[in-house]
Amino acid sequence: MPAVEPGRRVSTLELFFDLVFVFTLTQLTVMLTADLSFATAGRVALIFVVLFWMYGAYAYLTNQVPPDRPSRRILLMLGMASFLVCALAIPRAFDDGGVVFGLGFLAVVLVHSTLYTRSHGRDVIWYAVPNSLAALSVTAAGLFDGLAADGLWLLALVLQFVTPFLAEHGPRRRDGREAAFLRAQLGGLDPAHFVERHGLLLIVAFGESVIAIGIGIGDLPFTANVFGAAFLALALASALWWTYFVRDEDRAEAVFAATPQDRRWRLAMNAYYYAFLPMLLGIAYLAAGVKKSLGHLTEQLHTGPAVAVAGGVALFLAGDVAFRAVLRLTPLTYRATTVPIALTTALLGTHLSALAQLIALVALLVTMLTVEARWAERDSAR
C-alpha cells in the first residue's frame, strides 16, 4: 500500500458541526422508538437519506473551503443552526412540523450554496438548483398527507441522486474540456481530512448507541442482569467500532491518496455516501432496538425491538461490505456471510430472550473479527 500523503486535519468547528448533525440521528432514533414498525422505519430512512446528502455536501465543502476565516465560520454556524431546526422538527416531519422541517432544510441548502461559491464560483448552479428544488419539494410535502407527501419526499430523493450526474456531465462544451475541469475540481479532495471527517462522524454516531444503553435501563434497579445487559450492549457497539476503525480507516485513506484526482469524486460518493448510509442507519436502528430491549432482558421480545437490533447490526455490516468493495479492501467474504446470520438472531429475541439475542450477536461479531485477524496474519506471512 502506498504512503498516505499528508493532509489537513479536521477542525474543532467541523467536529462541532458534526455533533449538531448527529442530533438528527438521535431524533430519528426517538421517532423510531416511539413506533417500532416497518412504516416508521421506512420514513426514518427517507428523512435520513435526504439529510445525509446535505451533510456530505458540507463535508466536501469544508474539505475544499476550510472554516479558517470569520465569514466562513459564521456561515458554517448558520448551517449548523439550520440542521438544528430540521432535527427539532423530525418527530413531526410527516405531521404538522413538515413545513418547518422543509424551511430548515432549505436554509441548509442556501447556506451551503453561498459557501460553495468560495471554491467553485458560478459552478455552484449545478448543485444549488437541484438541491433547492429538493428542499422545496420537502417543504411542499409538509402541506399534504399520505401518498402525496410521500411522493414529494421521493421526488426530493430523485433530485438529489441526479445532482452528481448533472455536476459531472452538465457543463460540457464540444471539446469536453469544461466537464473534465469540473470533474478535476470535484475530485480535488484532501484524503486525510475527508476520511478523518467521516470517521469522526461515525464515532459520534456510536455515542448514540451508548446513550441508548442509559435510556434503555432508565430507572431499573441496579442488579447483575441490568449491568450484564449494559455491558453486552456496549460490547456489541465496541465490536462494530472494531469492524471499521481497527483496519479500514487507515487503508481507506491510502486508497484515496493513490487514486487520481479525476476519479476521487466518484470514489468518495460511492464509499462515503452510498455505503455510509446503511452504516449510519444501522446504528440508529440498533440504538432504537437496544432502548426497547434492555428493560426486558430475560423476556421474549416483540418483533419490532428484535428486528431493530438484528437489522441494525446487519445493515451496518452490509454498508461496511459495500464500503470495502468500493475501495477494494479485503477480505469481504466473512463480513458478507455474517450479514444474513445477524438477521436470524431476531428469532432468538422473539423466541428466547433479549439476553440470548445480544449474546449471539456479540459472539458472532467476535468470531468474524477473529477469523479475519487470522486471515490477515496468513496473508502477511505470504
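Keep in mind that this is a model prediction, so the values were computed, not measured.

1. Thoughts on the packing of helix 2 (residues 38–64) against helix 12 (residues 276–293)
- It is at 11 Å that the axes of helix 2 and helix 12 come closest, and there the two elements cross at 135 degrees. Comparing the axis directions of helix 2 and helix 12 gives the class oblique. In this structure, the crossing between helix 2 and helix 12 has a hand that is right-handed. For the pair helix 2 and helix 12, the contacting residues are Ala41, Val44, Ala45, Phe48, Val49 and Phe52 in the first and Phe276, Leu277, Leu280, Leu281 and Tyr285 in the second.

2. Considering the side chain of Asp320
- With respect to the helices and strands, the residue Asp320 is situated in helix 13 (residues 303–327).
- Relative accessible area serves as the criterion here: at 0%, Asp320 is assigned to the buried category.
- Once residues lying within four places of it in the same chain are set aside, the contact partners of Asp320 are Thr243, Tyr244, Asp248, Met279 and Arg335.

3. Focus: helix 2
- Here helix 2 contains 27 residues, and its C-alpha end-to-end distance of 39 Å stays within 8% of the 39 Å for a straight helix at 1.5 Å per residue.
- Of all 27 residues that make up helix 2, 21 are buried, and the element is covered over most of its length.

4. What to know about empty space enclosed by the protein
- Under the counting rule described, the total for this entry stands at four cavities of 30 Å³ or more.
- Along the wall of the largest cavity there are 15 residues; nearest its centre are Gly56, Ala57, Tyr60, Trp265 and Met269.
- Residue assignment for the lining of the largest cavity shows that the elements contributing at least two residues are helix 2, helix 4 (98–120), helix 8 (191–217) and helix 11 (261–274).
- In terms of residues, the lining of the largest cavity owes the most to one element, helix 11, which gives five residues.
- In terms of residue class, the lining of the largest cavity is made up of twelve nonpolar, three polar and no charged.
- In this structure, the second largest cavity spans a volume of roughly 50 Å³.

Criteria and thresholds
Residues numbered from 1 in each chain as written. Predicted model: local features only at pLDDT ≥ 70, side-chain atom pairs only at ≥ 80, totals over all residues. Heavy atoms only, no water. Axes fitted to C-alpha atoms, helices over the stretch in contact; angles between N-to-C directions. Helix = DSSP H or I, 4+ residues; strand = E, 2+ residues; numbered from the N terminus. Parallel < 35°, antiparallel > 145°, perpendicular 65-115°, else oblique. Left-handed = near helix turned anticlockwise from the far one by under 90°. Contact = heavy atoms within 4.5 Å. Buried < 20%, exposed > 50% of the residue type's maximum accessible area, 1.4 Å probe, protein only. Expected span 1.5 Å × (residues − 1). 1 Å grid on protein atoms, 1.4 Å probe; cavity = no way out; pocket = protein on both sides within 12 Å on 5 of 7 lines; lining within 4 Å. Points joined across faces, edges and corners; volume = space filled by probe spheres on them. Nonpolar A, V, L, I, M, F, W, Y, C, P; charged D, E, K, R; others polar.

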